[in-house]
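Listed below are the residues making up each chain.
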Amino acid sequence: MTETVVHEAHDASVNYLNADYGVRSWLFTKDHKRIGLLYLASITVFFALGGLAALMIRLDLLTPAGDLVRDDTYNKLFTMHGVVMIFLFLIPSIPAVIGNFVLPLMIGARDLAFPRLNLASWYIFNIGALFAAWALLAGGIDTGWTFYTPYSTMSSNSNVLSGAFGAFITGFASILTGVNFIATIHRMRAPGLTWNRLPLFVWAMYATSIIFILGTPVIAITLLLMMIERAFHIGLFDPALGGDPILFQHLFWFYSHPAVYIMILPSMGVISEIITCFSRNRIFGYSFIAASSIAIALIGFLVWGHHMFVSGQSANASLIFSLLSFFVAIPSAIKVFNWTATLYRGSVRLQAPMVYALGFIGLFTIGGLTGLFLSTLATDVHLHDTYFVVAHFHYIMVGGALMGYLGAIHFWWPKMTGRLYNETLAKIAAIIVFVGFNLTFFPQFVLGFLGMPRRYHVYPDEFQVLNVFSTAGASILGIGYLLPVLYLIWSMRYGPKAEANHWGAVGLEWQTSSPPPTENFDHTPVVTSEPYDYREPVEVKKVA
Amino acid sequence: MHDAASGVVPYHAHQFDDAEQQYQTSTLGMWLFLGQEVLFFGAVFATYFYYFFLYPDAFEAASNHLSLTLGAFNTVVLIGSSLTMVFAVHAAQHGTKRAQMAWLVATMILGIVFLCVKAYEYTHKFHEGLVPGELFTYHGPDAPQHQLFLCLYFAMTGLHALHMIIGIGILAALVLLANRDWFNAGYYSPVEMTGLYWHFVDLVWIFLFPLLYLIGRH
């Protein structure tokens, strides 16, 4: 009604951060940017909790006898690490923090389609997360994050019910985010922003949201059935009572394998943004990268059985799942080749986000290629449940998803806070993370290949050297994660003010001021060109 | 708030350019939500089918624990409620407030009748010792499989009933809002979206009824 008036009256010094003060203005906000920051605060806490569990695990594995904690405590530690890092950190990380913040900006919208649902998702996430965290801290859970039956339902004496209930609740936050993103991408794009002009990060968010919507309800029901079995001792999955534990694994992995792509696809989207911006090159193979995101999301639903090659599923099923798993390598490789081709003859600037992005490409490639070892039936039988698997998925989850998340935080930090962090420190931190990560997890490939099983806290003496390397790497990695927390918080208060377009990037989110006003743009932008049009040098200018 | 000259409708949310975009977006959002509902129920249907193919004879026999009469009655009630819901949406689209409220209330009443019959069925199972868990007293042939069937019966109809309860709550809110002249011929999407949800929940029952009540009758 008075929108035009509001726009004309907009004062450049008023932005979404200082438009309103007080706790209430944050807890009841419907602004996607503020909700993104609320999510950032929540998941940073849970990342610290999951990291603490990882630290205890690595310290315990320093000696073959496992001197730090007892067996059952060790089981509870790796369960806490898994549950917290997957459900409470990685799944919401890029979508709920970065996606929430930049997706409407990238498509020139004033907000997400359903701002109230967006705020509701943050509350639902926190309620579920507190439930799970309470279960993990007060008594703990010893089943591993997979909650495999019948152990989880008939034998375990730990807080399985409340932990699973927490994971169940957080799922609804994911679903709401997914619905919100897809509706927003379909209906709220600025004039001229056609599907083949969409930033690749938006395509990645679209693909991720498909998995949120199609996968998450299945894990909800699976956990619900598991909780019913545990609470009432009914043989839904217990073979002694007529159930089938393999069915639980099928239902569990039907979500939990695609969940891997929930974690990695957003990072891939981030990498496409960073690589183009810091090589000053248009993206190579735009439509292939966009389509490969969708392909990964869809093929990802057909490969869950590769987690169950030794579980007793039929040999024919294993054969087909093995074949289908190889198909995921195709769209993944398309992305890696296109990113490298984008770098070719670009003017590469090695700034902090770019260091993370280049690190991502290398680590993701190792993680992806070792995935092929595991989707090959014969080698998987040897490598199953060893540290090789642990190393493989950490190369994807930490080397891939987390590097992408940190790259994204560094890339959009000037936009989010309007402040600049210390570039030198940031580069050093990125290199520390890269070195620490490889030192932690590369030895685990070797350990696994030599036959060290996962989830054990004592091991033969001959594995000690590699375990010491791994623990040393983890300490370096820990420093690499602590540094950004410190200098980013410091920058919020003392950092120099950021220009509207700090990196000279071409995305719509850089066309508005830093930090953006509450309504994002003074005037709805009109898109007239292809994305990543870096052929002409972009002026770094301050948009008032 | 209503400013006819500028074409702005009341309750126009700030993030949308116009009422048309707002309507299209909420419709898409609702369909996406129903898409996740399909998978939500799909997982428990998949569990049902898996065990049905594993134990077809026991499931057919266990199906006879359920009352065909009550199930059939409830099916008719629910289909009737879908019809009244259609009339409510139609009335909302034409801006006829009294008819809209009447049809919404009728839909609520039919939903409550369904839930009452369901509650009666549940109580009956309780008295017969057919509630899975500690209270299960059936000791005929294939007792564990019968218990599995009844467990799935309670899980599936329970989830369905939960959706009905939420639906009735939303209908009650719509009645209150309609009473305050919230809706008109230019703005009725909450009623229409609730209609979509209500029809979906009915549709789930259309699958539940044969799978739970009819498989044992030849």
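Above this text is the structure in question.
### Comments concerning the overall build of chain B
In step 1: Along the backbone of chain B there are six helices and zero strands.
In step 2: If you list the helices and strands of chain B from N to C, you get α-α-α-α-α-α.
In step 3: The dimensions of chain B, computed from C-alpha atoms along their principal axes, are 75 × 30 × 30 Å.
In step 4: Considering chain B as a whole, with its 218 residues, one finds that 52% of them fall into the buried category.
In step 5: For chain B, the accessible surface area stands at approximately 9800 Å², while carbon and sulfur atoms represent 70% of it.
In step 6: Separation between the mean location of the 6 positive side-chain charges and that of the 14 negative ones in chain B comes to 13 Å.

### Examining the overall build of chain A
In step 1: The helix and strand tally for chain A stands at 16 helices and zero strands.
In step 2: Relative to the globule expectation of 24 Å for 544 residues, the C-alpha radius of gyration of chain A, 23 Å, shows essentially globular dimensions.
In step 3: Viewed in the frame of its principal axes, chain A has a C-alpha envelope of about 70 × 50 × 45 Å.
In step 4: Residues classed as buried in chain A amount to 62% of the 544 residues present.
In step 5: When contacts within chain A are restricted to residue pairs at least 6 apart in sequence, those whose partners lie at least 24 apart make up 83%.

### Here's the deal with the nonpolar core
In step 1: With 249 residues, the main nonpolar core has A:Trp412 and B:Tyr48 as its most contacted residues.
In step 2: When residues of this core are assigned to their parent elements, the largest contribution, 22 residues, is made by helix α4 (residues 71–106) of chain A.

### Quick word on helix α4 (residues 97–128) of chain B
Residue and element names in this part refer to chain B.
In step 1: Along its 32 residues, α4 runs 47 Å from first to last C-alpha, staying within 8% of the 46 Å computed at 1.5 Å per residue.
In step 2: Residues of α4 that are buried: Gln100, Met101, Leu104, Thr107, Met108, Gly111, Phe114, Leu115, Val117, Lys118, Glu121 and Lys125.
In step 3: Of the surrounding secondary structure, the elements contacted by the buried residues of α4 are α3 (68–93), α5 (143–179) and α6 (189–214).
In step 4: Among the residues trailing α4, Gly129 stands out with phi positive, at a value near 70°.

### A few points about the interface of chain A and chain B
In step 1: Facing 37 residues of chain A, the contacting portion of chain B comprises 34 residues.
In step 2: Overall, the association of chain A and chain B removes approximately 3100 Å² of surface from exposure, summing both partners, and the carbon and sulfur fraction of that is 71%.
In step 3: Our count for the chain A to chain B interface comes out at one salt bridge.
In step 4: Between A:Arg110 and B:Asp17 there is a salt bridge; the shortest N-O distance is 2.9 Å.
In step 5: The interface formed by chain A and chain B includes nine residue pairs in polar contact (both at pLDDT 80 or more).
In step 6: If you list the elements that add at least two residues to the side of chain A that touches chain B, you get α7 (160–187), α8 (200–232) and α9 (245–279) of chain A.
In step 7: With 10 residues, the single largest contributor to the side of chain A that touches chain B is α8(A).

### Here we look at the packing of aromatic side chains
Any aromatic ring pair is given by two values, namely how distant the centres are and how the planes are angled relative to each other.
In step 1: Under the counting rule described, the total for this entry stands at 65 aromatic pairs over all chains.
In step 2: Judged by centre distance (6.3 Å) and plane angle (65°), the ring pair of B:Phe136 and B:Tyr138 falls under edge-to-face.
In step 3: Of the aromatic side chains, those joined through ring pairs into one cluster are A:Phe87, A:Trp145, A:Tyr148, A:Phe237, A:Phe248, A:Phe252 and A:Trp253.
In step 4: The residue whose ring lies beneath A:Arg34 is A:Trp26, and the NZ or CZ to ring-centre distance is 4.2 Å.

What counts, and where the lines are drawn
Residues numbered from 1 in each chain as written. Chains lettered and ligands numbered in written order. Predicted model: local features only at pLDDT ≥ 70, side-chain atom pairs only at ≥ 80, totals over all residues. Heavy atoms only, no water. Helix = DSSP H or I, 4+ residues; strand = E, 2+ residues; numbered from the N terminus. Buried < 20%, exposed > 50% of the residue type's maximum accessible area, 1.4 Å probe, protein only. Areas by Shrake-Rupley, 256 points an atom, 1.4 Å probe, with all protein chains shown as cover. Lys, Arg positive; Asp, Glu negative; His and termini not counted. Charge placed at Lys NZ, Arg CZ, Asp CG, Glu CD. Rg over C-alpha atoms; globule rule 2.2 N^0.38 Å. Contact = heavy atoms within 4.5 Å. Core = buried A, V, L, I, M, F, W, Y, C linked by side-chain atoms within 4.5 Å. Expected span 1.5 Å × (residues − 1). Buried area = accessible area lost by both parts, 1.4 Å probe. Salt bridge = Lys/Arg side-chain N within 4 Å of Asp/Glu carboxyl O. Polar contact = N/O pair within 3.5 Å; in protein donor to acceptor, adjacent residues only side chain to side chain. Phe/Tyr/Trp six-rings, centres within 6.5 Å; stacked < 30°, edge-to-face > 60°. Lys NZ or Arg CZ within 6 Å of the ring centre and 35° of its normal.

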